[in-house]
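Overview (structure and organization)
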Amino acid sequence: MEDRQSSRDVNLKALLRSTPFFADLPDAVVDQAVAHVVTREHPANRVILLENDWGSSVYFILSGWVKIRTYNIDGKEVTLNIVGKGEVFGEMAPLDEVPRSTDVITLTPAMVANLPANDFVTLVQTQPQAGIRLAKLMARRLRQLNRRLRLRESDSTSRVADILLFLAEGQGKESQGGIEIPNLPHRELSSLSGMARETVTRVLGKLEKKGLILRDNDTLCIVDVDALENLLL
């Protein structure tokens, strides 16, 4: 039994170390986190957090993708972000001591580590590197949001290209053919980009004909990142 627990802790420590937040923290700090972390495997389309829930945990994605969503005044779903392996979510409510402001739902099967909110707040308060990591995370998200807002008035091709690059940034997996991301349903890309699903489908088809992306059932591969970025200019 002790051997199984020890093996579990070693594996979990390695998984946490693979996330940017824990990557450079001292071993003793990561060991303490491991002692309090609970991991769960969720199927696709499983709600992990609900808006207005209280923030009892902070979550680290060990595998898979999730979307962060809310609803506008007309009751229409709005996707605010899509995040994958290595990302953290649910961190704002414990820091602000307010209820959750969004829902989080899995887009693909995902493994998620839950860290008690009090442990997370203590970690940020006592470990400068953890605070710096959190600040960098917030800064990156703000930059991404600003770029998406600037492109709201751009043509549809630029906006879809930006969403693909956004998903690939820090989350894409390098392969021989380029950078791979999950081939998400077009309705998710539509909600994230603020465009009609039919428009997104048409633009993706055009990008594929140009050889900038390749798609199969599960994966979308960005073949030429530079060419895609040039569409934003």
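Residues numbered from 1 in each chain as written. Predicted model: local features only at pLDDT ≥ 70, side-chain atom pairs only at ≥ 80, totals over all residues. Heavy atoms only, no water.

Turning to unusual backbone geometry, a few remarks are in order. Of note, the phi angle at Asn45 is positive, near 65 degrees, even though the residue is not glycine. Within the secondary structure layout, Asn45 lies in the loop between strand 1 (38-42) and strand 2 (47-49). Even without being a glycine, Asn52 presents a positive backbone phi close to 80 degrees. Within the element layout of this structure, Asn52 appears in the loop between strand 2 and strand 3 (57-63). (Helix = DSSP H or I, 4+ residues; strand = E, 2+ residues; numbered from the N terminus.)

Attention now moves to the pattern of salt bridges. Per the stated rule, a full pass over the model turns up 13 salt bridges. Residue Asp103 is joined to Arg69 by a salt bridge in which the shortest nitrogen-to-oxygen separation is 3.3 Å. Here the residue Asp103 occupies a position in strand 7 (residues 103-106), and Arg69 occupies one in strand 4 (residues 66-71), the gap between them amounting to 34 residues. Each member of the pair, Asp103 as well as Arg69, carries the same accessibility label: buried. Within the structure, one salt-bridge network assembled from shared partners comprises Lys67, Arg69, Glu77, Asp103, Arg187 and Glu188. (Salt bridge = Lys/Arg side-chain N within 4 Å of Asp/Glu carboxyl O. Buried < 20%, exposed > 50% of the residue type's maximum accessible area, 1.4 Å probe, protein only.)

Residues Leu142, Leu145 and Leu149 make up a contiguous nonpolar surface patch of about 270 Å² in total accessible area. Tracing the backbone through its elements, the reader meets Leu145 in helix 5 (residues 128-150). A relative accessible area of 39% means that Leu145 is categorised as partly exposed. (Patch = residues over 30% accessible without salt bridge, like charges linked within 9 Å, V, L, I, M, F, W, Y side chains within 5 Å. Areas by Shrake-Rupley, 256 points an atom, 1.4 Å probe, with all protein chains shown as cover.)

Across the protein, pLDDT averages 86, with 96% of residues at or above 70. Averaged over each element, pLDDT in the protein is lowest for helix 1 (residues 2-17) (73) and highest for helix 8 (residues 197-209) (94). (pLDDT = per-residue confidence, 0-100.)

Moving on, we get to the side chain of Glu188. By the element assignment, Glu188 lies in helix 7 (residues 186-193). By relative accessible area, Glu188 is classed as buried at 5%. Every residue in contact with Glu188, bar those within four places of it in the chain, is listed here: Lys67, Glu77, Thr79, Ile82 and Leu107. (Contact = heavy atoms within 4.5 Å.)

With that out of the way, let us pick up the UniProt feature "domain: Cyclic nucleotide-binding" (unreviewed entry) in the protein. Residues annotated by UniProt as "domain: Cyclic nucleotide-binding" (unreviewed entry) correspond here to residues 21-141. Along residues 21-141 the backbone is 32% helical and 34% strand, and the end-to-end C-alpha distance reaches 15 Å. (UniProt positions renumbered as here; feature names shortened; annotations may be inferred.)

If you walk across this open sheet you meet the four strands as 1-8-3-6, and the pairing is antiparallel. Where the open sheet ends on each side, the last strands, each with one partner, are strand 1 and strand 6 (88-89). Both strand 1 and strand 8 (residues 110-116) contribute to a ladder of five bridges, which runs antiparallel. If you follow Val38 over to strand 8, its bridge partner there is Asn114. (Pairing = 2+ DSSP bridges.)

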